[in-house]
Number of protein chains: 2
Amino acid sequence: MGKRRPGTPTLEEVAAHAGVGRGTVSRVVNNEAGVKESTRRVVQQAIAELGYVPNLAARSLAGRRADAVALVMTEPDWRMFAEPFFSEIVTSLGDALTDTGMQLLLTLVRSDPERRRFLEYARGGRVDGVLLMSVHADDPLPDMLAEARLPTVLLGRRSADEHVSYVDADNVGGARSAVAHLLESGRRTIATITGPLDMYVAQCRLRGYREALAQAGLEALPSWVAEGDFTEESGRRAMERLIERHPEIDGVLAASDTTAAGALQALRAAGRRVPEDVAVIGFDDFPLAERTQPRLTTVRQPLEEIGRAMVRLLLEEVEESSVAWRHVILRTELVVRDSA
Amino acid sequence: MGKRRPGTPTLEEVAAHAGVGRGTVSRVVNNEAGVKESTRRVVQQAIAELGYVPNLAARSLAGRRADAVALVMTEPDWRMFAEPFFSEIVTSLGDALTDTGMQLLLTLVRSDPERRRFLEYARGGRVDGVLLMSVHADDPLPDMLAEARLPTVLLGRRSADEHVSYVDADNVGGARSAVAHLLESGRRTIATITGPLDMYVAQCRLRGYREALAQAGLEALPSWVAEGDFTEESGRRAMERLIERHPEIDGVLAASDTTAAGALQALRAAGRRVPEDVAVIGFDDFPLAERTQPRLTTVRQPLEEIGRAMVRLLLEEVEESSVAWRHVILRTELVVRDSA
DNA sequence: CTGAAAGCGCTAACAA
DNA sequence: TTGTTAGCGCTTTCAG
C-alpha cells in the first residue's frame, strides 16, 4: 500500500517546514556533528511542532541497524520463567542495554512453528543480535543463528568446546571452593546433589566437587553423588536418598539454592540440625537467597556482570560484524553465612 | 551505509535466478493466488537454492504491517514477573498469536528512558499493536499510545470509564459470589486482603466484597480490610495484621491465590485450622492452584480466554485501523474445593 | 556546513 | 498470469 499512518510526518516534511534539506534533518535527528547550532535549533523546532517520529523501518532499510536485540526463551527456559534467576537476568540485561539505545525484546520459542517464525524475524533483520538463555545441548537454535551469521551470545555453554560466543560462570572453581570451605571446617563426608547431568553446567560443578575432594586426598564415592534437576522437589528426594545411604554425611554441595532448600527440608525432616550437624552450600543464582535462607552459605554468581558481559560481547559482534567467537567466564564468590 | 549482510540475496536476485519478474517472486513469497503452479515451483526452487529470506524492514516500509505485537510490562508488573499469573498470560497470548504469523515481543518499561525508547520503537512502526498488562491508574503509557494512534489493548482497565480498549474479568461479580459462598457456609467475620488499591481491579474486588456483605445485612468494618500487593509476602503480613485486630475472623477473601497462600501460612502459624476455623478464598489467577492448594476454593479467571480476547481485539483494531474502543468482560467462576 | 541525489529491498498498482 | 514501475522514508556519499 504505502499508506502512511495519518498524522505521521516524514523527514521530508520536517525539512520543508524548517526550510532545510533532508540530509540536514537526518543529521540533527541522529545527533551527528557538523551542523551549525542555529540550524540545529530550527530543525528541532520543526520536529517538535510537527511531532515527527522517525520511521524505523525506513531507517533499518537505509542500512543502519535494527537497534534491537532479542532474548530468546526456549521451552525448557520457559518452565523456569517463574524462577527469580530468570527475572534477575532479564533485569540485568535491561540495565546493561539502557544506555545503548537498543530495545530488548523477549521472545518465546516453545514450538517448531515459533522457532521458524523467530528465525524469519531475526534473519529478516529486525534484530541486530540474539541472546540465548540456558541452552540445552540439543538445542538447534544457536547453530541456526550462527549459520544465518547473526551475532549470538549464549548464557552458559553447551559443551567444553562451545563454538558460539558465550558468557559463563566459573562453575568448576565455584564448586571447588565451596567444597574446600566444607573441608576446612572439618567436614569429611561431603555429598553433592547435581543438576541434570546432560547439562554442561551440572557437569562442571560436579567436576569441581571431585577436584576439591581429590586435592584433600579424599575419594568421592559414587554413592555420594545424587542427580537432581535444579528443582526443590528433586533436592528433597536426592537428600533423602543420600541420608539413607550415608547417615554420616556432614556436608552437602547443592546444584542451586532451590535444590539446597529442598535438601534442607529433607535434613530437618530427618532430625539433622543445619548447619551444626550438616552444612549445606548451594549455588546462589540470585541475591535473594540472603533473605530466604539467611544462614546458608552459597556460591554466588554475579548475575549483573553476566548481563553486562553478554551485552558487551553481543555489541562487539554487532559492531564488527565479526566472525570471531568470544567468551567470558566470570568468577564466582563464596558467601559464607553460617558459622558452623 | 546500505551494506547488505553478505550472503543475503534479495528478491531481485531470486527473480533473476528464476528467470521471472520481481512481482512474481513477491507473490510466491506471500503465498498469493494467481501464480501458475509451475512458475511457483520454479520460484520456490530458486528461493531454496539461494537461501532467500525476505528483508522485513523493506517489507514494512513498502507498506505492509510489522507482523509483530508488543506486550509491555511496566515497572509494577515487573515485580510480579515471577508470579504464575504472568507466565500463564504470556503463554495464552503466545498461543493465541500462534497462527496469526505475528511475533510476540515482550518488552520491559521500567523507567522513563525505557518508556521513551519503547514509544519510539512502537511509533516507529516496528509493531502493529501493543498489549499492556495490569496498568496502574497513573500510567501515562496507554494515553501516549492512543495519542500515537497505535492499536492498544489493556489487560484490565484503569478506571470505570476506561477509554482504551481492554479485556477484563468480572471482578465485582467474582468477589461477590466468593463472599456469598462464605456467608452461606455460616461465616460471619469475613475479612479481605486486597490488591494495591490504586489499581482498578483491586477496587472492584473490594467493591464486590462490600456488596455481598451489605446484601447480607452485614457492614464491612474498615478494619476487616487489609491492603496487599498480590504477593505472597504481602498476604502473610496482611493476614497477621488481620488476626491481631480480629481474632474471631472466620473467612477471608484474598486478592489472588498467591496472596491467599501467604494468608494460609500466617493462619497456620497462628494455630488456625484451614478451612475448619477460617475459610480462605483467593482469586485464582492460574489453573495450578488446584495442585498447590488443593483444598482452596477460588474465583477462577479464564486466563486463556483473556489472552484470546486480547489478541482478537487487537487484531480487529489493527485490521480496521479503527478508532473505536472496544472491550470484553469475561465471567469468572467460583470453584469450590473445600467442604468446610 | 548544507543540499541534492542515489539507493536500501520490498509491495502493489498498472500494463502487457 | 506475468513483468514493469513507482514509491515507502531514511541514510549517506558527493558536490557545492
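Residue numbers run consecutively from 1 along every chain, following the written order of its sequence. A letter from A marks each chain and a number from 1 marks each ligand, given out in the order of writing. For a predicted model such as this one, the threshold for reporting local features is a pLDDT of at least 70, and the threshold for listing and counting side-chain atom pairs is 80 or more; totals across whole chains, interfaces and linings nevertheless cover every residue. Heavy atoms throughout the structure, all of them, feed into the side-chain values; hydrogens and water do not.

- As recorded by an unreviewed UniProt entry, chain A carries the name LacI family transcriptional regulator and is attributed to Streptomyces tricolor.

**Overview of the overall build of chain A**
Point 1. Going along the chain from the N terminus, every DSSP run of H or I of four or more residues is numbered as a helix, and every run of E of two or more is numbered as a strand. Across its full length, chain A carries 14 helices and 12 strands.
Point 2. In this description the radius of gyration comes from C-alpha coordinates, and the expected globular size is given by 2.2 Å times residues to the power 0.38. Here chain A has a C-alpha radius of gyration of 26 Å; the compact-globule value for 340 residues is 20 Å, and the former is much larger.
Point 3. Dimensions along the principal axes, computed over C-alpha positions, put chain A at roughly 85 × 40 × 35 Å.
Point 4. Partly exposed residues are those whose accessible area sits between 20% and 50% of the maximum for their type, while under 20% is buried and over 50% is exposed, using a 1.4 Å probe and protein chains only. Looking at chain A as a whole, 55% of its 340 residues qualify as buried.
Point 5. Counting only contacts in chain A whose residues sit at least 6 apart along the sequence, the fraction spanning at least 24 positions is 68%.
Point 6. Using a 1.4 Å probe, the Shrake-Rupley method yields the accessible areas, and only the shown protein chains count as cover for residues. About 15000 Å² of surface is accessible on chain A, with carbon and sulfur atoms providing 49% of the total.
Point 7. A positive count includes Lys and Arg, and a negative count includes Asp and Glu. His and the chain ends are not counted in either. Where a charge lies is defined by one atom per residue type: Lys uses NZ, Arg uses CZ, Asp uses CG and Glu uses CD. Within chain A, the 50 negative side-chain charges are centred at a point lying 5 Å from the centre of the 42 positive side-chain charges. Any two residues having at least one pair of non-hydrogen atoms within 4.5 Å are treated as being in contact.

**Quick notes on the pattern of salt bridges**
All names here are of chain B.
Point 1. For this analysis, a salt bridge means a side-chain nitrogen from Lys or Arg found within 4 Å of a carboxyl oxygen belonging to Asp or Glu. Tallying each qualifying case throughout the model produces 38 salt bridges over all chains.
Point 2. Among the ionic pairs, R273 bridges to D277, the shortest N-O distance being 3.1 Å.
Point 3. Using a relative accessible area of 51% as the deciding quantity, one classes R273 as exposed.
Point 4. Take D277: its relative accessible area is 28%, and that puts it in the partly exposed class.

**Looking at the sheet that holds strand β6 (residues 190–194) of chain A**
All names here are of chain A.
Point 1. Taken together, 6 strands build an open sheet; the order of strands is β7-β6-β8-β9-β10-β12 and the sheet is mixed. The open sheet has two free edges, formed respectively by β7 (225–227) and β12 (333–335), since each of these has just one partner strand. Across the sheet, the axes of successive neighbouring strands diverge by a mean angle of 20°, strand direction being ignored.
Point 2. Pairing between two strands requires that DSSP report at least two bridges joining them. Relative to strand β10 (residues 297–300), strand β9 (residues 279–284) runs parallel, the two sharing 4 bridges. When the bridges of β10 are listed, D284 appears paired with R300.
Point 3. Only the contacting stretch of a helix is used when fitting its axis, a line to C-alpha atoms as for every element, and angles between N-to-C directions run 0 to 180 degrees. Against the sheet, helix α10 (residues 200–215) contacts β6, β7, β8 (251–254) and β9, and its axis sits at roughly 170° relative to β6.

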